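Understanding the architecture of this molecule
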Amino acid sequence: MKFLMGIGEGFREIRAHKFRSFLTMLGVVLGVASLLAMFALTEGIATGYREVMSQMGGLERVKVRVEPVPAHQESIRELSPGRTYKDALALRMNAPLLSWVSPELDLYLAVRRGDKAETFEVIGIEEDYLHTERHNLEYGRFLTDIDRRDHNRVCVIGRGVIERLWEDPEAVPLGESVRIGNEFFRIVGIFQRYESERDKKKRELRAKEAPPAQGPGAKTGKRSRWSTFRFKNDVVVVPITTFTTVFKNTKQAGTPDEGAELKLDDLNVQVADLNMFEEALAQIRQILMVTHRGIEDFSVETRQEMFDEMNAAMRNLHMSFGIIAGISLLVGGIGIMNIMLASISERIREIGIRRAVGARSGDIFGQIVIESTVLAALGGVAGLGAALLLMKLLVAISPVQNRPVVHMSAVIMSLTFAVGVGVLAGLYPAWRAAKLSPIEALRYE
Amino acid sequence: MSLIELRDVRKIYRLGEIEIRALDGVSLEIHEGEYAAIVGPSGSGKSTLMHILGCLDRVTEGYVRIDDVDVSRAGGDRLARTRNEKIGFVFQSFNLLPRLNVLENVELPLVYSGVSRAERRSRALEAVGAVGLSDRTHNKPNQLSGGQCQRVAIARALVNNPRIILADEPTGALDSKTGRTILDLFRELSQRGHTVALVTHDANVAAEARRQIVIRDGKIV
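What you see is a predicted model, and the numbers here were worked out from it, not measured in a lab.

On to the sheet that holds strand 10 (residues 219-220) of chain B, then. Residue and element names in this part refer to chain B. Pairing is mixed in the open sheet, where 6 strands are placed in the order 6-7-8-3-9-10. Two strands close off the open sheet at either side, each with one partner strand: strand 6 (87-90) and strand 10. For strand 9 (residues 211-216) and strand 10, the ladder comprises 2 bridges, and the chain directions are antiparallel. Its bridge partner being in strand 10, Arg216 is matched across the sheet by Lys219. Taken strand by strand, helix 6 (residues 176-191) contacts strand 3 (35-39), strand 6, strand 7 (164-168) and strand 8 (195-200), and its axis lies near 135° from that of strand 3.

Residues and elements named next belong to chain A. Pairing of strand 4 (residues 137-140) with strand 7 (residues 183-191) involves 3 bridges; the strand directions are antiparallel. Each residue of the ladder has a partner; that of Gly140, found in strand 7, is Gly189. Of the strand pairs in this sheet, strand 5 (residues 154-157) and strand 7 are connected by 4 bridges, and their pairing is parallel. Pairing of Val154 across the sheet is with Arg186, part of strand 7. Where strand 6 (residues 177-180) meets strand 7, 4 bridges bridge the pair, whose relative direction is antiparallel. Each bridged residue has a counterpart across the sheet, and for Val178 the counterpart in strand 7 is Phe185. Between strand 6 and strand 7, which follow one another and run antiparallel, lie 2 residues, and Gly181 among them has a positive phi close to 65°.

In this assembly, 26 residues from chain A lie in contact with 23 residues from chain B. Between chain A and chain B we count 2 salt bridges in total. Remark: the boundary between chain A and chain B carries 7 residue pairs in polar contact (both at pLDDT 80 or more).

The next point concerns the sheet that holds strand 2 (residues 18-30) of chain B. Whenever strands of a sheet pair, they do so through backbone hydrogen bonds, lying parallel or antiparallel. Residue and element names in this part refer to chain B. Pairing within the open sheet is antiparallel, and its 4 strands lie in the order 2-1-4-5. With one partner strand each, in any of the chains shown, strand 2 and strand 5 (69-70) form the two edges of the open sheet. Summarising the sheet, strand 1 (residues 4-15) and strand 2 pair through 10 bridges and their orientation is antiparallel. The residue of strand 2 that forms the bridge with Glu5 is Glu29.

The rules we used
- Residues numbered from 1 in each chain as written.
- Chains lettered and ligands numbered in written order.
- Predicted model: local features only at pLDDT ≥ 70, side-chain atom pairs only at ≥ 80, totals over all residues.
- Heavy atoms only, no water.
- Pairing = 2+ DSSP bridges.
- Helix = DSSP H or I, 4+ residues; strand = E, 2+ residues; numbered from the N terminus.
- Contact = heavy atoms within 4.5 Å.
- Axes fitted to C-alpha atoms, helices over the stretch in contact; angles between N-to-C directions.
- Salt bridge = Lys/Arg side-chain N within 4 Å of Asp/Glu carboxyl O.
- Polar contact = N/O pair within 3.5 Å; in protein donor to acceptor, adjacent residues only side chain to side chain.

Purely spatial values, then, with no claim about function.
Pasting the structure below:
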């Protein structure tokens, strides 16, 4: 009851000094606005990061790498056949903790369509590739075991290939043929376009303004930027069997003899259950130790470290932005304290009157704290509005930035901070008001 | 048993080396229903006595009992409760809160005794009616005349049904005609059974009361 009265008093005080209260609140408004905008912006950046991470195959993707033979096994190095196609078969048959095993061969080859030619990464793959790389097919079909069995000259291409070799980046050239190296391949499928939110917006903006520039000039500019998405878009995949028959000889020319077994350029697997991650890694190692006859010329590379680093970077970003926003909120709090001090010295007589009719010093204390909290809370709510405006403004000025993401938790946290600042800022003035002696307060002119 | 009892009360202020004996051994009893005036020239200690009676200040030495509470040994919150429940103050300068309207001013003591909103309202209306200001309940103090302000203050003093009404120079800020009406109001309250203690330096005002307590140099004479 008294609490509600206190809130009412708080509003009455604010109404009585509108301009002063507005100026005081401004500090909190800006503090909360910057705090919330900071939360939303870093969350937007984090979302962008997570997009990239997930496009790269997520944490489940594990790569088997070729390593130099350790020194103590140097004399028996010939025993190991290296990372071969048989490794893939062995893993697929014997590692139940893996859901997909993707052996890959690759070459950078000229891809021609009419008089246009561009170099792309051409990968010989099996069906598992679709899953380990998290590809999505937009048109047509993916490569099948029949393609593999019959060594079919078919390929699935990424959107990046179309963007560079076709006039219309949105073309759907299913059934058309392209020349890869010296052989013609029929396009049977097209992957979707992979892009970040930010690139998507950029592209949409460009599409609105002018038709996208084509030709070699525009390409170089586009290609110069590294991005996970570009690697994923600029890709041509063919059946691994076709790859060996058509291209492998080309590859072997001028490279060391690789022995009888088909050596792989890449071997990626996907762990079925992240809770069994370590066990899955052990399983991979065990099986490969057998196929490599005990020679440790391989390693298992995980994304763990990379993910940890990204997360740490996000945490740091949060922290440093948070501290900056916190400081501005603190400044707002000092403003409130200042005004509350001014307000009580102008209301000493009122405090005396209240004491005379029976207010305990605790009642006075509570009243001042509630008033300052009401002030800060109002500022906080206004700050929320200001933050939303601020973010709209940011998006309007720079539409390709990562879209700010406002979480409810960030809103609650910002408001809590504002209220907390109000309470803290009220404590000292409240203590000063509460310890006034009633007589002196009454006599005060 | 008397309503108020003071025994050998001393109040000593120290200003550096100088010792000021504002009250120097005051013993006093006020009974239920009495109308007493505390008179004395300025500097005689009557304001200090008033503060002690009103539980606004503590004695240096001695014993003070109000109703059944030993206020000479009570803590701050106990004093506040005693002020709230047993004492109604009327000040020379009215001491109304300028931002509250008449009714809210009168309700103020009830806020601190935790009375519900509805009951506050009805009791405040009753008190405002008793001082004849029922038609001004929603005015702010600055829209009222001095006499009306003092009536509001009296209503505020009455609203919690205190055992005693303490008035400190209640007519000091008013012209003599208005002062007259306020004094009439006090007499009426006294006749209705309220205990009233009135502090004044004005012998004419003091003459209103049935009992005169004269104080000089911190002593009752």
